[in-house]
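Chain by chain, the residues run as shown.
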Amino acid sequence: MTGTGGVEMGAQAARSQALAVLRIRSRALAVALLPAAAAVILLVGGSTGHLAGGGWDVVRWTVSALALLVLAAAAGVALVVARSRPAVTPTVTIAEESAPDLYRMVRDLADRLDVPAPSAIALTPDCDSWLEDRTHPAHGPPPVEEHDDVAGMGGPAHRRTAAAPVLVIGSPFLWWMRVGELRAVLAPVVAGTGPSAHPDIAAARRFIRGLDAAVAVAATGERGPLSRPVRAGLGWVSRLLLRGCRVHAAGMERGVAAAAAERAQAVDYGLRIVAQEQVGLAYAGWDRLLTRVALPAWRMGRWPSRLDVGVVAALTELSRRDRLAEGFASRLGERPACDLLEEPGAIDEAVSLLAARLFHGGPAETGPDWAPVGWDEYPEEVVDRTWRTDAARLHRVLDALGVRRAEEGAAPGTDGPTLTRVLDHLTMSPAPYADGPSGPRDTGAATGTDLGAVTGTEARTVRDRDPDRNRHTTTETGGRGEAEFTSLTSTEPRTGAGAGTGTGTGTEAGTGAPTAHPGAHSPHPAPTAHADADFPDGDHLDHRSADDDDDLAGTTVRGAALAAGLSAQLAREEARAQPAGVWSSAPGAAAGPAGPDAALWDDGALPLLPLQPPRTGREILTAHITAMVCCAAMDTAGAAPGLDWLDGPSLLVNGARAADLGPRVRSLVETGDPGPLRDWISELGIRPEKPVRLV
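Just so you know, these numbers come straight off a predicted model, no measurement behind them. (Residues numbered from 1 in each chain as written. Predicted model: local features only at pLDDT ≥ 70, side-chain atom pairs only at ≥ 80, totals over all residues. Heavy atoms only, no water.)

S.K.: What am I meant to see in the packing of helix α3 (residues 100-113) against helix α6 (residues 179-190) here?
M.R.: Helix packing for two helices is described by the angle between their axes and how far apart those axes are. Where α3 contacts α6, the two axes come as close as 10 Å, and the packing angle between them is 50°. By the angle between their axes, α3 is oblique relative to α6. By crossing handedness, the relation of α3 to α6 is classed as right-handed. Across the interface between the two elements, L102, M105, V106, L109, A110, R112 and L113 of α3 pack against V179, L182, R183, L186, A187 and V190 of α6. Grouping the amino acids of the contact of α3 with α6 by side-chain chemistry returns eleven nonpolar, no polar and two charged. (Axes fitted to C-alpha atoms, helices over the stretch in contact; angles between N-to-C directions. Helix = DSSP H or I, 4+ residues; strand = E, 2+ residues; numbered from the N terminus. Parallel < 35°, antiparallel > 145°, perpendicular 65-115°, else oblique. Left-handed = near helix turned anticlockwise from the far one by under 90°. Contact = heavy atoms within 4.5 Å. Nonpolar A, V, L, I, M, F, W, Y, C, P; charged D, E, K, R; others polar.)

Have a look at this one:
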């Protein structure tokens, strides 16, 4: 089969499926007009005397009323389908004056493929590229009016024009790929503008997008006594039509993709095979950068302003470590695709802010609690603050549990927040958490608190998708354990780090992030008097699941109690950040000359794509103990915070990354054995009895 024949076959298949979609639309219109046609027949028959009599009069007026009702409903559905704003991907639009070389390359590619050039180019913080139709009036400003001799007499005639779709490019491609690789990857995407320009395919796509938008309209908005049945009817009709179009729409898109791929065979085919390897590598590096590096910064109220530069550094580091990726580093001598931009730094900053909003839910404007951070500032602004904040929270929970800061007779100056306090508290014989409140209890250390009473407590952080608040925080406790833990937090004396009274600022808005909101990381948040004080109506309470029991089943009694306290503290901090609502977005707010297209999408549902599920109690406890160890290393052994491009925050000792800390901390958490961790601490010269500096 020749290339031209393959293109024609794919295009014909797409057109036939598009006609099938349009036939479904025509049938729906025919069904709506059927009562009106029957009413017309009855009215004409009555006027001519063929259908006379009292019975025919009743039928005539009944059918006429039904026809008017059906026509009104059909007109309403058609109006909603035509006027509803279809969903649009959040992007950063690139103006032609800010990337003339990029636009020139895309137009040359379209000329080689003999297809219409895309109408615009936009970037998205994702490793993918596609065409997106934004011809709907709600997606942009009104078209420029053409004034000629004819139109100038009576005004311009407004009609739908077949504008080319927008080319959306994943921003990591521009920074990691070379110019030739980017052109090869974009060839089959740009080739899709040819089938998209066909009137039948364009009409079918508009109809399907309109139905999808109508379903969204029916599912949202106020649910009053009058609007509820109207929205229910609209949703039922729209979903019914969508189900009828589903198979044909999928076949249409497959035909379009087949035609575009076949047309692109003649353009850089050999280079495209190599470029596809870079697509997978860029995706792996981008995912690692977001989850390991960017997410800790977002949690602290800082958003890295050069994410795309970071993905290049991460992939370069990967090529250095992995022998399988050695060949990729040699590409760096070629011209990168980001050179096609006039101001790559400004574009990178805008895309980085958009990524923070999509994956974490940050605001559109910068401020004291939401500020950009450069990679050079990352260790001090993010890593150091994160560790010291977690260490402060750990000691506040220990205060709530009644754990003494120093043993009787200890040397002066050792009653501050020390690593020894944490190690001594968690050191014990293994006691399975699964034994529950009636199981073995530790009696070896005088803590001033019956820790066994807390073993039945599980305070967890649960965040689920919610139509009104995308991800919210819940705290779960188990029966008597909650009351006893509440009594501890309200009656035990608090000293040092646990005695602060400051709280997060009142200008912050919660986003339901995987951990506490940046604003919640205040130096010394004051613990509430009751564990359920933040949930007066009990809206955030849920039932314990077997997975949570299994998560703490391998820990010690004290470890389980401490994990429960940390989870509850995190939940309270997040709940305090929630009442202000989701992040606010100022119209037109952007970073630099380019910014996210806020007018094209609704930012009231942020974050749209949360990166990670909620952390378990064991993970939270492990992270806090690791942070405490790192703080002790920095304050007593001269260590420094660092950034690893593949693993995120790291501890640097004598300029080298400290290794093997994780397994030793897990040994303490799971078995209560501090031996491996104490050996590691001794090797590095860390003084665990010395107080550390907290935020």
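S.K.: What exactly am I supposed to notice about the sheet that holds strand β7 (residues 640-644) here?
M.R.: Within a beta sheet, neighbouring strands are joined by backbone hydrogen bonds and run either parallel or antiparallel to one another. Across the sheet, which stays open at both edges, the three strands sit in the order β7-β8-β9 with antiparallel pairing between neighbours. Of all strands in the sheet, those bounded by a partner on one side alone are β7 and β9 (656-657). Note that β7 and strand β8 (residues 648-653) share five bridges and pair antiparallel. Paired with G642 across the two strands is S650, which belongs to β8. Here helix α10 (residues 269-299) sits on the sheet and contacts β7 and β8; the angle it forms with β8, its principal contact strand, is near 90°. (Pairing = 2+ DSSP bridges.)

S.K.: Which parts of the structure should I look at to understand the nonpolar core?
M.R.: A general tendency of soluble globular proteins is for nonpolar side chains to be buried together. Judged by nonpolar contacts, the single largest core of 113 residues is most densely connected at L182, W298 and L651. Top contributing element to this core by residue count: α10, with twelve residues. With sequence-adjacent residues up to four places away left out, L651 is seen in contact with W387, C630, A633, M634, A639, A640, A656, R657, A658 and W680. Membership of the second largest hydrophobic core comes to 21 residues, among which are A218, L241, A249 and M252. (Core = buried A, V, L, I, M, F, W, Y, C linked by side-chain atoms within 4.5 Å. Buried < 20%, exposed > 50% of the residue type's maximum accessible area, 1.4 Å probe, protein only.)

S.K.: Explain the pattern of salt bridges to me, please; I cannot follow it from the model alone.
M.R.: Where side chains of opposite charge bring their charged atoms close, a pairing between them can arise. One pass over the structure, following the stated rule, counts 22 salt bridges. Here D133 and R209 are joined by a salt bridge, their closest N and O atoms 2.4 Å apart. You can see D133 sitting in the loop between β3 (129-132) and α4 (151-154) and its partner R209 sitting in helix α8 (residues 199-219), a full 76 residues away along the chain. Among the residues examined, D133 registers a relative accessible area of 22% and is labelled partly exposed. Bridged by salt links that share partners, the residues R288, R292, D644, D647 and R657 form one connected network. (Salt bridge = Lys/Arg side-chain N within 4 Å of Asp/Glu carboxyl O.)

S.K.: How should a nonpolar patch on the surface be read in this particular structure?
M.R.: A contiguous nonpolar surface patch, about 250 Å² in accessible area, is contributed by L29, L33 and L71. As for its position among the elements, L33 is in helix α1 (residues 3-48). (Patch = residues over 30% accessible without salt bridge, like charges linked within 9 Å, V, L, I, M, F, W, Y side chains within 5 Å. Areas by Shrake-Rupley, 256 points an atom, 1.4 Å probe, with all protein chains shown as cover.)

S.K.: Would you mind showing me how to read the state of the cysteines here?
M.R.: Working definition: the covalent bond between the sulfur atoms of two cysteines is a disulfide. Applying the stated criterion to the full structure yields zero disulfides. C631 supplies the cysteine sulfur nearest to C630, a cysteine that is in no disulfide, at a spacing of 7.1 Å. The class of C630 is buried, set by a relative accessible area of 2%. (Disulfide = S-S within 2.5 Å.)

S.K.: Teacher, can you tell me more about the packing of aromatic side chains here?
M.R.: Two aromatic rings are characterised by how far apart their centres lie and by the angle between their planes. Counting across every chain of the model gives three aromatic pairs. Between W298 and F359 the ring centres are 6.5 Å apart and the planes differ by 20°, which places this aromatic pair in the stacked class. Taken together, the residues span a long stretch of sequence, with W298 in helix α10 and F359 in helix α13 (residues 344-359) at a distance of 61 residues. Overall, F359 belongs to the buried group, its relative accessible area being 8%. Members of the aromatic cluster, each reached through a chain of ring pairs, are W375, Y378 and W645. The residue whose ring lies beneath R25 is F207, and the NZ or CZ to ring-centre distance is 5.9 Å. (Phe/Tyr/Trp six-rings, centres within 6.5 Å; stacked < 30°, edge-to-face > 60°. Lys NZ or Arg CZ within 6 Å of the ring centre and 35° of its normal.)

S.K.: Would you explain the environment of V279 in this entry?
M.R.: Structurally, V279 is set in helix α10. A relative accessible area of 17% places V279 in the buried class. Separated by 94 residues in the primary sequence, V279 and V185 place their C-alpha atoms 8.5 Å from one another. When neighbours within four sequence positions are excluded, V279 is seen to be in contact with F173, M177 and V185.

S.K.: Please clarify how α6 should be interpreted in this entry.
M.R.: For the α-helix, the turn length of 3.6 residues means that residues three or four positions removed from each other point alike. Compared with an ideal rise of 1.5 Å per residue, which puts twelve residues at 16 Å, α6 spans 15 Å between its outermost C-alpha atoms and is within 8% of the ideal. With respect to burial, α6 is a largely interior element, ten of its twelve residues being buried. Of the positions making up α6, those classed as buried are V179, G180, E181, L182, A184, V185, L186, A187, V189 and V190. Buried positions along α6 lie against α3, β3, β4 (166-170), α5 (171-176), α7 (193-196) and α10. (Expected span 1.5 Å × (residues − 1).)

This is a description of form; function is not addressed.
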